[in-house]
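For reference, the chains in residue letters:
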Amino acid sequence: MDKELGFEKEIGLGLGLDGFWSEKGEGLKITIPPSPPSKDDDLPQTPPATEPPNRPLPPTPTTRTAPPTRPSTSSSAVAAPKRPPPSRPPPLRPQAPLRMNPPTRPGTAASQASVKFATSTKRLSLGSLESSRRPIKYGQGKYRNVELIPQPSDDPDDPLNWPMWRKELNFFSLLLMVAMTGVMKTIFLTVNAQIAEGYQVSYTAAAALTGVPLMISAFTGFLCLIASRVCGKRPLYLASLLLVFIGTVWNTNVQESYAECMAARVFQGLGWGAFDALVLGSIQDTYFEHERGTKIAIYSIVAVSTTWGAPLLGGVASQSPSGFGMQFSIMSIFFIVAVPAIVLGAPETVFDRAYTLAQTPITGLSTSSSTSTKYKTVIQLAPRKTFSVEMAKTYIAKMKPYSYTTGYYDSSILLQAPRAFIAPTTVFVFLISFLPYCALWGLGSSLALLFTPMPFRLSPASLGALVTGPWIMATATAAVFALALKGWWSNTNTISTSRLQMFAPKTHMITLAVGSLLSFIGILTFGLHIDACMTRPEDDDGTTSVYALEYLGNNVNFPAVSFLLGLLAMGVYVLDATARPLIRASTMFTSSNLGVALRNTTDMGAGVGFWRSLMAGVFVIGIPNATWSWDGLRSVCMGLAIAQVIVAAVLGSVWWLWGEDVRRWDGRVMRLVDLDMLKRTGSFFDTD
């Protein structure tokens, strides 16, 4: 007999079952009233007990306890018939809070509070979609807890899935051509006077052998960036390698013809553009974000070091009987390594993941260990394989000259790079540093004009020694900032807000002020020092004697001249250090997903390089015309120094007051605001 002629049964949660939760949270407690007494006790007659319905009786809506009943004897009480408990479906798992997506990903400060969601019983609920989502992939080795950004596909031909030796071979091959390109750009800085004398042309024509290829390389890089959307990067690398090879070999034997020398330099300029504009994109195509910082740092250091270190050795090599042609003979030797490296070691890195990757997994449905393992997939180490002929044949078969094709492209795709070139942030970064950058190239191309004639008569080797300051100080500055900003590129989890604020307005203003100050000191002091030393006292007849010139020539402090050029180079690369963080902040602000952000970062960085190379070529040709006299040198240096201070003050104020508006205009100019890719729903870390 149940207590007080009633009984309670705990029934678990089931679909379509009404009831109330118990205070202990153990289940549903349903109270069923007792049966009335039998008629043997002279009580009102009640109908006989019938079979209970399949569905349990509803509970009393006002209370959870049994209502009072009439007293009856224990002998006449009839207990309610027992019925089998209803069948219950397995309980649904509670949904995990938003902070655990996937369950193994660490939460953020904003998501520490536990959030509970009602579990859906519909057929197309969150749980039904669980099997259709891709698991998030993590690194291997010491990076086994690092989420891979971007997420690779399951295709073994995806550059992100390449074995490490293949990635490193590709990086080394491209880096070799970047170094050779940098050497060729400044190969004539120490021999411009010899070229003008040998070809019987003006010094401006001799300087044009450096300026014209720079301007051509700017336009070819621009065209290569557009063409890479259609045909990929590998065909452009191969064509550029061929052009550079032809120009270099041709330049080894052009001692008698200025036209042939210019034609050879044009071929070189046509080939430089691809290695200036596309290599950064290849690094982003191949490496994950936690690996990318070191590679970009090495790329920056090699590009700066080879550009300004080449005149040191080139001046020595040019003193041989072969003249400046000896430099190109030495460069031709490096093609023994460069040609097979690019042909066999630089495969196509453009890969379309849009149709091979699923969207980012949704919020996890459980935080238990059994469910968490489904969301964390660690890329296993590839088994070690021994080299075989079949492996070599398979590898070579994949190295096709043309392997990437896009199924569809229109004007919106082809205009992505041109729009990035004229984006406000691109123009802003260019204007910040273009005067010091162009002054360094222009004054460097004028060294032979200033110090080869009397009273100095410096040899090419001595002129090369003057570039020691720019080489050391520029390389050191680039290395410090590249390694310091390594964390900016090698984010190990997600895009951190603190890193996005790393180059906040205050930090940017300090960097802008330091770079502008160094450039101002270097440019102004260079011109004033040389002009003061070469102020010539006139004789009674208004002429200057040769003895006076010899005396004045000894007043110039060449180590100080090299140091001043080094200060200018340091200022240039301090200002350049702000370029990538500013571009990165803009792309993260305007891009719809990670693929678009990486593409825009490459395009805007190439846009800054385009404007710099174009204007540097103009200054290389124009500065010698303005500095043929000491007074002209002083006027040019004073004008450039003062102009840089004014430009830095104006642009710094604009960025301080309207920095966010500038980034908004980036999205409008590059047509990122109204694109369909921004209207769809999805994670930022999806690919383009």
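Everything below is about the structure printed above this text.
Residues numbered from 1 in each chain as written. Predicted model: local features only at pLDDT ≥ 70, side-chain atom pairs only at ≥ 80, totals over all residues. Heavy atoms only, no water.

Explain unusual backbone geometry to me, please; I cannot follow it from the model alone.
If a residue is not glycine, its phi is most likely negative; likewise, a peptide bond is most likely trans. With omega at 0°, the peptide bond leading from Ile149 into Pro150 counts as cis. Relative to the assigned elements, Pro150 resides in the loop between strand 3 (136-138) and helix 1 (164-185). With a phi close to 60°, Gln200 is a non-glycine residue in the positive phi region. Position of Gln200 among the secondary structure elements: in the loop between helix 2 (192-199) and helix 3 (203-231). Positive phi values are uncommon outside glycine, yet Arg457 reaches one of about 55°. Turning to its location among the elements, Arg457 is positioned in the loop between helix 14 (447-451) and helix 15 (460-465). The class of Arg457 is exposed, set by a relative accessible area of 60%. (Helix = DSSP H or I, 4+ residues; strand = E, 2+ residues; numbered from the N terminus. Buried < 20%, exposed > 50% of the residue type's maximum accessible area, 1.4 Å probe, protein only.)

It is not clear to me how a nonpolar patch on the surface should be interpreted in this structure. Could you clarify?
A cluster of nonpolar side chains, Phe172, Ile330, Ile333, Phe334, Ile336 and Val337, forms an exposed patch at the surface whose accessible area comes to about 590 Å². It is helix 8 (residues 325-345) that contributes the most residues to the nonpolar patch, 5 residues altogether. Examined against the element boundaries, Ile336 turns out to sit in helix 8. (Patch = residues over 30% accessible without salt bridge, like charges linked within 9 Å, V, L, I, M, F, W, Y side chains within 5 Å. Areas by Shrake-Rupley, 256 points an atom, 1.4 Å probe, with all protein chains shown as cover. Salt bridge = Lys/Arg side-chain N within 4 Å of Asp/Glu carboxyl O.)

What am I meant to see in the side chain of Thr601 here?
The topology assignment puts Thr601 in helix 23 (residues 594-626). Here Thr587 takes part through its side chain, which lies 3.3 Å from a polar atom of the side chain of Thr601. (Polar contact = N/O pair within 3.5 Å; in protein donor to acceptor, adjacent residues only side chain to side chain.)

Any chance you could explain helix 6 (residues 279-286) here in plain terms?
Quick reminder: α-helices carry 3.6 residues per turn. Residues three or four places apart thus point the same way. Most of helix 6 sits out of view: 8 of its 8 residues are buried. By the burial criterion, the buried members of helix 6 are Val279, Leu280, Gly281, Ser282, Ile283, Gln284, Asp285 and Thr286.

Would you explain the pattern of salt bridges in this entry?
When the charged atoms of two side chains lie near each other, side chains of opposite charge can form a pair. What the rule picks out here adds up to 10 salt bridges. Measuring nitrogen to oxygen at the nearest pair gives 2.4 Å for the salt bridge that ties Arg229 to Asp603. In this pair, Arg229 sits in helix 3 while Asp603 sits in helix 23, placing the two residues 374 residues apart along the sequence. Using a relative accessible area of 14% as the deciding quantity, one classes Arg229 as buried.

Looking at this structure, I do not really get the packing of aromatic side chains. What am I missing?
Tallied over the full model, the rule gives 21 aromatic pairs. A ring pair is formed by Phe430 and Phe434, whose centres lie 5.0 Å apart and whose planes are at 35°; its orientation type is tilted. Placement of both Phe430 and Phe434 in helix 13 (residues 424-445) is noted, with a separation of 4 residues, approximately one turn of the helix. Here Phe430 falls in the buried class, since its relative accessible area comes to 9%. For the ring pair Phe451 and Phe558, a centre distance of 5.4 Å and an interplane angle of 80° mean the geometry is edge-to-face. Placement of the pair is Phe451 in helix 14 and Phe558 in helix 21 (residues 558-576), with a sequence separation of 107 residues. (Phe/Tyr/Trp six-rings, centres within 6.5 Å; stacked < 30°, edge-to-face > 60°.)

Is there a simple way to think about the environment of Val669 in this case?
Its location among the elements puts Val669 in helix 24 (residues 630-669). Judged by relative accessible area, which is 24%, Val669 ranks as partly exposed. A C-alpha to C-alpha distance of 10.0 Å links Val669 and Gln416, two positions 253 residues apart in sequence. Among residues more than four places away in sequence, those in contact with Val669 are Arg419, Ile422, Ala423 and Pro424. (Contact = heavy atoms within 4.5 Å.)

Hey, could you run me through the environment of Ser433 in this one?
Structurally, the position occupied by Ser433 is in helix 13. Sequence spacing of Ser433 and Val608 is 175 residues, and the spatial spacing of their C-alpha atoms is 9.9 Å. With residues up to four places along the chain from it excluded, the contact list for Ser433 reads Leu575 and Arg612.

Please clarify how the packing of helix 4 (residues 234-251) against helix 8 should be interpreted in this entry.
In helix packing, the relevant descriptors are the interaxial angle and the interaxial distance, both defined with respect to the helix axes. Close contact between helix 4 and helix 8 brings their axes to 9 Å; oriented N to C, the two are set at 155°. One finds that helix 4 runs roughly antiparallel with respect to helix 8. Helix 8 is crossed by helix 4, and the crossing has left-handed handedness. Contacts from Arg234, Tyr237, Leu238, Leu241, Val244, Phe245, Thr248, Val249 and Asn251 of helix 4 reach helix 8 at Gly325, Phe328, Met331, Ser332, Phe335, Ala338, Val339, Ile342 and Val343. Residue composition of the contact of helix 4 with helix 8, grouped by class: 13 nonpolar, 4 polar and 1 charged. (Axes fitted to C-alpha atoms, helices over the stretch in contact; angles between N-to-C directions. Parallel < 35°, antiparallel > 145°, perpendicular 65-115°, else oblique. Left-handed = near helix turned anticlockwise from the far one by under 90°. Nonpolar A, V, L, I, M, F, W, Y, C, P; charged D, E, K, R; others polar.)

Looking at this model, I keep getting lost on the side chain of Thr590. Mind explaining?
Mapped onto the elements, Thr590 comes out in helix 22 (residues 579-590). Separated by 3.0 Å, the side chain of Thr590 and the backbone oxygen of Ser586 make a polar contact.

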